[in-house]
Amino acid sequence: MLFVIIGMILLFIAAVIYGAWRRKKTYSEIDRIEAWRVELTNRPIAKEMAKIKELKMVGETEKKFDKWRNDWDSILTGVLPSVEETLFTAEELTDKYQFRKAEQLIKSLNIRMEKTEDRINRMLNDLNAVVDSASKNREDVTPIKESYHQIKKNMITKRSQFRKALPLLEQQVKDIDRQFKKYDTETETGKYIEARETLLQVKKAIESVGQQIERVPGLYQDIQRTIPDQLRELREGHQEMSEQGYSLEYLQVDAQVDEMEKHLHVLLEAVAKLELDDTEESLKEMHEQLDFLYAQMEKEVLSRQQLHEIIPVVEDKLDKVGDMVRALDDETETVRESYHIDVDDLKAQREIDKAYQKLEKSFFEADEILKKHSEAFSSILEKLESMKNDIIAVEAAADEFSDKIKALRKDEMAAKETIQKLKRSLFETKRMIQKSNIPGVPAEFADALVQAGDGLKAVNEKLDEKPLDMSSVQELLTHAGTFIKDVHSRAETMVETAEMAEEMIRYGNRYRSEYPDIDQELKKAEISFRNYDYHEALETAVKAIEKKEPKILKKVDLYQGRRA
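Residues numbered from 1 in each chain as written. Predicted model: local features only at pLDDT ≥ 70, side-chain atom pairs only at ≥ 80, totals over all residues. Heavy atoms only, no water.

## With respect to a negative patch on the surface
Move 1: A cluster of acidic residues, Glu275, Asp278, Glu281, Glu285, Glu288 and Asp291, forms a negative patch at the surface.
Move 2: Following the sequence through the fold, Glu275 ends up in the loop between helix H8 (253-272) and helix H9 (276-338).
Move 3: Classification of Glu275 as partly exposed rests on a relative accessible area of 37%. (Patch = residues over 30% accessible without salt bridge, like charges linked within 9 Å, V, L, I, M, F, W, Y side chains within 5 Å. Areas by Shrake-Rupley, 256 points an atom, 1.4 Å probe, with all protein chains shown as cover. Salt bridge = Lys/Arg side-chain N within 4 Å of Asp/Glu carboxyl O. Lys, Arg positive; Asp, Glu negative; His and termini not counted. Charge placed at Lys NZ, Arg CZ, Asp CG, Glu CD. Helix = DSSP H or I, 4+ residues; strand = E, 2+ residues; numbered from the N terminus. Buried < 20%, exposed > 50% of the residue type's maximum accessible area, 1.4 Å probe, protein only.)

## Observations regarding the environment of Gln221
Move 1: Its location among the elements puts Gln221 in helix H7 (residues 192-243).
Move 2: With relative accessibility at 35%, the residue Gln221 sits in the partly exposed group.
Move 3: Along the chain, Gln221 and Gln161 lie 60 residues apart, while their C-alpha atoms are 9.0 Å from each other.

## Remarks on the side chain of Thr540
Move 1: Along the chain, Thr540 falls in helix H15 (residues 534-546).
Move 2: Using a relative accessible area of 9% as the deciding quantity, one classes Thr540 as buried.
Move 3: Apart from residues no more than four positions distant in its own chain, Thr540 is found in contact with Glu521, Lys524 and Ala525. (Contact = heavy atoms within 4.5 Å.)

## Topic: the nonpolar core
Move 1: Counting residues in each nonpolar core, the largest one holds 67 residues, and the members touching the most others are Met155, Ile206, Val216, Leu264, Leu307 and Leu384.
Move 2: The set of elements that each furnish at least two residues to this core consists of helix H4 (99-157), helix H6 (166-188), H7, H8, H9, helix H10 (343-372) and helix H11 (377-435).
Move 3: If we skip the residues at most four places from it in the chain, Val216 touches Gln161, Phe162, Ala165, Val271, Leu274 and Leu276.
Move 4: By size, the runner-up hydrophobic cluster in this structure holds 41 residues, among which are Leu426, Phe445, Val487 and Met504. (Core = buried A, V, L, I, M, F, W, Y, C linked by side-chain atoms within 4.5 Å.)

## Quick look at the packing of aromatic side chains
Move 1: Under the criterion given, the structure shown has two aromatic pairs.
Move 2: Centre to centre, the rings of Phe529 and Tyr534 are 5.1 Å apart; their planes meet at 70°, and the pair counts as edge-to-face. The burial state of Phe529 is the same as that of Tyr534; both residues are buried.
Move 3: Between Arg510 and the ring centre of Tyr507, over which it is positioned, the NZ or CZ distance is 3.8 Å. (Phe/Tyr/Trp six-rings, centres within 6.5 Å; stacked < 30°, edge-to-face > 60°. Lys NZ or Arg CZ within 6 Å of the ring centre and 35° of its normal.)

## Here's the deal with unusual backbone geometry
Move 1: Non-glycine residue Leu274 carries a positive phi angle of around 60°.
Move 2: Tracing the chain through its elements places Leu274 in the loop between H8 and H9.
Move 3: Exposure remark for Leu274: the relative accessible area of 14% places this residue in the buried category.
Move 4: For Tyr532, which is not glycine, the phi dihedral falls at a positive 70°.
Move 5: Among the secondary structure elements, Tyr532 is positioned in the loop between helix H14 (516-530) and H15.
Move 6: Given the relative accessible area of 31%, Tyr532 is considered partly exposed.

In short, geometric facts, not functional conclusions.
Right, dumping it as structure tokens:
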């Protein structure tokens, strides 16, 4: 029972708290709408309407004013009081804890207030639009009329300069007159917004006509005087240069001048129709075309002057290179009798000949063309400039090939010098053996000496071949050099070994009388020595002596150190 009572008490407390929270929330919404209603009530609509009264209250403006005033009265006396009464009802429902009904009323009030505020905003926007339009019209109409009066003045003072474009310009001025009258009518009838749009159109039309009035005389001047004068000068200059020997057919000056003269008539009609942008673009292209033709003709004059300077230079350079190529041909033939020249090198030499012959032919052709005046000087100059570079390239190729020919002879001389050095080395090897007083040399070494001599002989024979193949000579020379160096090294070792063997036999003689076994071994060493096997003789003698002197090899090392 106690739990039930406690539960009921807690439920009651919760209901009270919930009710208080809902009341506070609902009252907050009511207060917000009330503040909104007050704010709308205090909107300065009357003050804004007072600005309309300063305007001429006629026609459309008067109708709009009456409508705005009636709408505002309706809102102040009908809509907003009704909202206030509904708010009182919502408060009463809230006090009675009828929150759902109160919320429904508040929801409907929000919708009515939004519609009312939107209605007021539209009213203010329309009202301000009329006031602003009237104000801006008063500010702008004076300078616009001044610009218009200036246009009319220009139409009178520059009348003769407009030529065939005059009717269209006058028609546009009349259209502006009509628009001004329309503006005045709209202002008189209170259509200030429409009048604003008309005035802006008038301003735009005046700016357009003003620009046309400024541009038309200049375009006529360009079409009827400036460009025709330039075309006449161009035609006369072309005729004069042709008589002086200039070849200008590639420019087709007469055809281009005829075409531009025809196009000028078309542009006259375009100006008369006030198609000024297209006309200006066409005139710009025509001026560029004229500039190009003048530049090309000037280029021909400069080219003719430069030809007088470059022809002697190219001719002299060509003659010098021709002498070089012919000398190179003779040298090549001479060298081919004694040397083997690589196929690729011979091909390069033939290409040099062909390149020179082509240049020589091109130069004679250019000279012939120049004499006949059958081609533009600028074209001939370009050919000679290119030819000048090609001559330099041929000269460089001839120099490079000449260096290769000289290198062949240089290699031959170097090979002969190397052979002499190898001969001296082989001679010194033989002399070293003779001076050593050894009884003789092994058959194997004797064969090596013979092979070394044969190797040098083979190199000499290769050098005597016609044509000379230097690559084969170099290969044989390298092999002979390596072999002779090896023979010399073996000879040095052999002589040193023989001397040491002879020394060891002499040293061991002190033990012969007392030690028969040592005597026997030394006799073997002597036999090996006489048979030219010096290495075996040395080893046998050392082994025999080691029986009495185990450290004999150290003494030998010391002995060799003293000799070194």
